[in-house]
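Structure assessment
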Amino acid sequence: MKSVVGMVVSNKMQKSVVVAVDRLFRHKLYNRYVKRTSKFMAHDEHNECKPGDQVRLDPSRPLSKRKHWVVAAILRQAKIYTPPPPTAGTSPDSSQNPVPS
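Residues numbered from 1 in each chain as written. Predicted model: local features only at pLDDT ≥ 70, side-chain atom pairs only at ≥ 80, totals over all residues. Heavy atoms only, no water.

Keep this limit in mind: UniProt positions are given in the numbering used here, feature names are shortened, and annotations may be inferred rather than shown by experiment.
An unreviewed UniProt entry lists the protein under the name Small ribosomal subunit protein uS17c, with Platanthera zijinensis as the source organism. Recorded under Sequence similarities (unreviewed entry), the UniProt text for the protein is reproduced unchanged: "Belongs to the universal ribosomal protein uS17 family." The record in UniProt for the protein states the following under Function (unreviewed entry): "One of the primary rRNA binding proteins, it binds specifically to the 5'-end of 16S ribosomal RNA."

**Let's talk about the environment of V71**
Quick reminder of the rule: Starting at the N terminus, helices and strands are each numbered in turn, a helix being any DSSP run of H or I of at least four residues and a strand any DSSP run of E of at least two. Two residues qualify as a contact provided that any one of their heavy atoms is within 4.5 Å of a heavy atom in the partner residue.
Tracing the chain through its elements places V71 in strand 5 (residues 67-76). Between the alpha carbons of V71 and D58 there is a distance of 6.5 Å; along the sequence they are 13 residues apart. Here V71 is in contact with V17, A42, H43, D44, C49, V55, R56 and L57, once residues within four sequence places are set aside.

**Some remarks on the side chain of K67**
Where we set the bar: Partly exposed residues are those whose accessible area sits between 20% and 50% of the maximum for their type, while under 20% is buried and over 50% is exposed, using a 1.4 Å probe and protein chains only. Positive: Lys, Arg. Negative: Asp, Glu. His and the chain ends are not part of the count. Each reported salt bridge corresponds to a side-chain nitrogen of Lys or Arg within 4 Å of a carboxyl oxygen of Asp or Glu.
Looking at the element boundaries, K67 is found in strand 5. It is E45 that comes nearest to the buried, bridge-free K67 among opposite-charge side chains, at 7.9 Å. Residue contacts for K67: discarding those within four places in its chain leaves K15, S16, M41, A42, H43, R61 and P62.

**Some details on the pattern of salt bridges**
Under the definition given, this model contains three salt bridges. The residue K15 makes a salt bridge to E45 at a minimum N-O spacing of 3.2 Å. Highlighted residues: K15 in the loop between strand 1 (4-13) and strand 2 (16-26) and E45 in the loop between strand 3 (33-43) and strand 4 (54-59), separated in sequence by 30 residues. According to the relative accessible area criterion, K15 is partly exposed, its value standing at 35%. We note a salt bridge from D58 to R56, for which the minimum N-O separation is 3.9 Å.

**Some words on the pairing of strand 3**
Across a regular strand the side chains alternate sides, sitting on one face of the sheet and then on the other. To keep things clear, this is the line we draw: Pairing between strands requires that DSSP locate at least two bridges from one strand to the other.
Of the pairings in the sheet, the one linking strand 2 to strand 3 comprises 11 bridges and is antiparallel in character. By the bridge assignment, D22 is partnered in strand 3 with T37. Here strand 2 hands over to strand 3 after six residues, with N31 in that stretch at a positive phi of 55 degrees.

**A few points about the packing of aromatic side chains**
Operational definition: Pairing of aromatic rings covers Phe, Tyr and Trp, the last counted by its six-membered ring, and requires centre-to-centre distances within 6.5 Å; plane angles under 30 degrees mean stacked, over 60 mean edge-to-face, and any other angle means tilted. In this analysis the charged atom, NZ for Lys or CZ for Arg, is taken to sit over a ring once it is within 6 Å of the ring centre and within 35 degrees of the ring normal.
For the structure shown, the criterion picks out one aromatic pair. Judged by centre distance (5.1 Å) and plane angle (45 degrees), the ring pair of F40 and W69 falls under tilted. Taken together, the positions of F40 in strand 3 and W69 in strand 5 put the pair 29 residues apart, joining distant regions of the chain. The buried category is assigned to W69, whose relative accessible area is 9%. Lying across the ring of Y33, R26 places its NZ or CZ 5.0 Å from the centre.

Put into structure tokens, the structure is as follows:
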């Protein structure tokens, strides 16, 4: 087996991640490219992977019933939006344009 590259889907387990790997192949009858996705469980020793990260998986000996891969490298970190902190002068209760009652 050779190394594969995929996207982390879930990291809700301890030292384990689920990685989705896409592959393209040409359909014999329709002569079109078809995309298939396989999900692999992989060992993440230091719990570094987050959902959306692109990782490279290397094959290893069976670590559990479904885990036969090890995260070799994180190729690209996921970009996660963090909203800016509110400014000290304004509070969420007070608005700039008060509504007359």
